[in-house]
Amino acid sequence: MKIGVFDSGLGGLLLLRAMVKKLPAYDYVYLGDTKRVPYGNRSQDTIYEFLEEAVEYLFKQNCQLIIVACNTASAQALRKIQKNYLPKHYPDRRVLGVIIPTAEAAVASGAKNTGVLATAGTVNSGAFVRELKKLDKKIQVWQEAAPLLVPLVEQGELKWAEPIVKGYLKPLLKHKIDSLILGCTHYPRLKSMIRKLVGKGVKVISQDEVVPAKLADYLKRHPEIEKKLSKGRGRKLLVTDITPEAEKLARNWFRKGAVLRRVYI
Ligand code: DGL
């Protein structure tokens, strides 16, 4: 059985690439809901509906474990999938998100006064605040919704991003943050710019540097899941809509020869 990786679009390919690098032996199926991206400004009900469809589809593709790479979906809909949907429909399979491992990495790195940059949906859900405070009651958390960053990254318009990123960072830096969580699939593309802008005194937590190690650790702690995973080095990239731009992004963000296949979920 395979590892499924779900994202609202193609940003999750950055995480898939990092996961494949860390754990190359397994078979992976990526599903990007490119027809309905972005999720960041949608209602919780809609995000749940989309995530349930994606999870159902990936389970039918024989995934034992699904990583929800999308922060917005992890924040707004994952708990309901884990609590209601899984026990009823697929009690032996697992769906994991990216918010908890990221919060754990931030606290482990010594964060006491942290900023979170994410989509409006993730910020409004309060999921990062909740998870960080579960780990450290005293931690201070400041959030900033950054709705312009996903389109800029997707269009490859990074040269325009700097003044906008600066604008989003300003209110966070005013709070003298010691660390900054990049809480969106697309932000690893901006991490070197962000590291430069915030300076050495602020630790930048980027999910491509956190989630693969957390997954490796999870598989070690759950041999009952790990032993079901096949190791054929398969990588299937499925999307709900294909455009030439999407194909180009997949080649840039995953690997040169990446081929997308359109599916109907
Ligand atoms: N994948 C989303 C996330 O990580 C960003 C794109 C979107 O808004 O759907 O929050």
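Residues numbered from 1 in each chain as written. Predicted model: local features only at pLDDT ≥ 70, side-chain atom pairs only at ≥ 80, totals over all residues. Heavy atoms only, no water.

A. Spotlight on helix H12 (residues 244-253). When we look at burial in H12, the residues that qualify are Ala246, Leu249, Ala250 and Trp253. Angularly, the buried residues of H12 cover 100 degrees about the axis, an arc narrow enough to put them on a single face. Exposed side of H12, more than 90 degrees from the buried face: Pro244 and Lys248 are the residues found there. Considering only its buried residues, H12 is in contact with helix H1 (12-22), helix H7 (149-154) and strand E10 (260-262). (Buried < 20%, exposed > 50% of the residue type's maximum accessible area, 1.4 Å probe, protein only. Helix = DSSP H or I, 4+ residues; strand = E, 2+ residues; numbered from the N terminus. Arc of directions from axis to C-beta. Contact = heavy atoms within 4.5 Å.)

B. Here's a closer look at the environment of Glu49. With respect to the helices and strands, the residue Glu49 is situated in helix H2 (residues 44-60). Overall, Glu49 belongs to the partly exposed group, its relative accessible area being 44%. Separated by 113 residues in the primary sequence, Glu49 and Glu162 have C-alpha atoms spaced 35 Å apart.

C. Expanded view of the state of the cysteines. Applying the stated criterion to the full structure yields zero disulfides. Free cysteine: Cys63, not disulfide-bonded; nearest cysteine sulfur from Cys70 at 17 Å. Unpaired in this structure, Cys70 has its nearest cysteine sulfur neighbour in Cys184, at a distance of 7.4 Å. Judged by relative accessible area, which is 3%, Cys70 ranks as buried. (Disulfide = S-S within 2.5 Å.)

D. Local environment of the environment of Val129. Tracing the chain through its elements places Val129 in helix H6 (residues 127-135). You can call Val129 partly exposed: its relative accessible area is 21%. Sequence spacing of Val129 and Gln76 is 53 residues, and the spatial spacing of their C-alpha atoms is 13 Å. Residues contacting Val129, with those up to four places away along its chain left out, are Val141 and Gln143.

E. Structural detail: the packing of helix H4 (residues 99-108) against H6. At a closest axis distance of 9 Å, the pairing of H4 and H6 adopts a crossing angle of 50 degrees. As far as their axial angle goes, H6 and H4 are oblique. Our pair here, H4 against H6, has a crossing hand that is right-handed. Where H4 approaches H6, its residues Ile99, Ile100, Thr102, Ala103, Glu104, Ala106 and Val107 are matched on the opposing element by Ala127, Phe128, Glu131, Leu132 and Leu135. (Axes fitted to C-alpha atoms, helices over the stretch in contact; angles between N-to-C directions. Parallel < 35°, antiparallel > 145°, perpendicular 65-115°, else oblique. Left-handed = near helix turned anticlockwise from the far one by under 90°.)

F. Structural detail: the sheet that holds strand E3 (residues 63-68). One open sheet holds the six strands; their spatial order is E4-E3-E1-E2-E9-E10, and the pairing between them is parallel. Every interior strand has two partners, whereas the edge strands, strand E4 (94-96) and E10, have only one. When the angles between neighbouring strand axes are averaged without regard to direction, this sheet yields 25 degrees. Two elements, E3 and E4, share three bridges in a ladder whose sense is parallel. Counterpart to Leu65 in the pairing with E4 is Arg94. (Pairing = 2+ DSSP bridges.)

G. Here's a closer look at the sheet that holds strand E6 (residues 140-145). Strands sit in the order E6-E5-E7-E8 across an open sheet of four strands; the sheet is parallel. Two strands in the sheet have a free side with no partner beyond their single neighbour: E6 and strand E8 (203-206). Ignoring strand direction, the axes of neighbouring strands in this sheet form an average angle of 20 degrees. Of the strand pairs in this sheet, strand E5 (residues 113-118) and E6 are connected by six bridges, and their pairing is parallel. Residue Gly115 lies in a different strand from E6, and its bridge partner there is Trp142.

H. Here's a closer look at the packing of H2 against helix H3 (residues 71-89). Axis separation between H2 and H3 bottoms out at 9 Å; the angle between their running directions is 60 degrees. With respect to H3, the axis of H2 lies oblique. Of the two elements, H2 crosses H3, and the hand of that crossing is right-handed. In contact with Gln44, Ile47, Tyr48, Leu51, Glu52, Val55, Glu56 and Phe59 of H2, H3 contributes Thr72, Ala73, Gln76, Ala77, Leu78, Lys80, Ile81, Tyr85 and Leu86. In the contact of H2 with H3, the residues fall into 11 nonpolar, three polar and three charged. (Nonpolar A, V, L, I, M, F, W, Y, C, P; charged D, E, K, R; others polar.)

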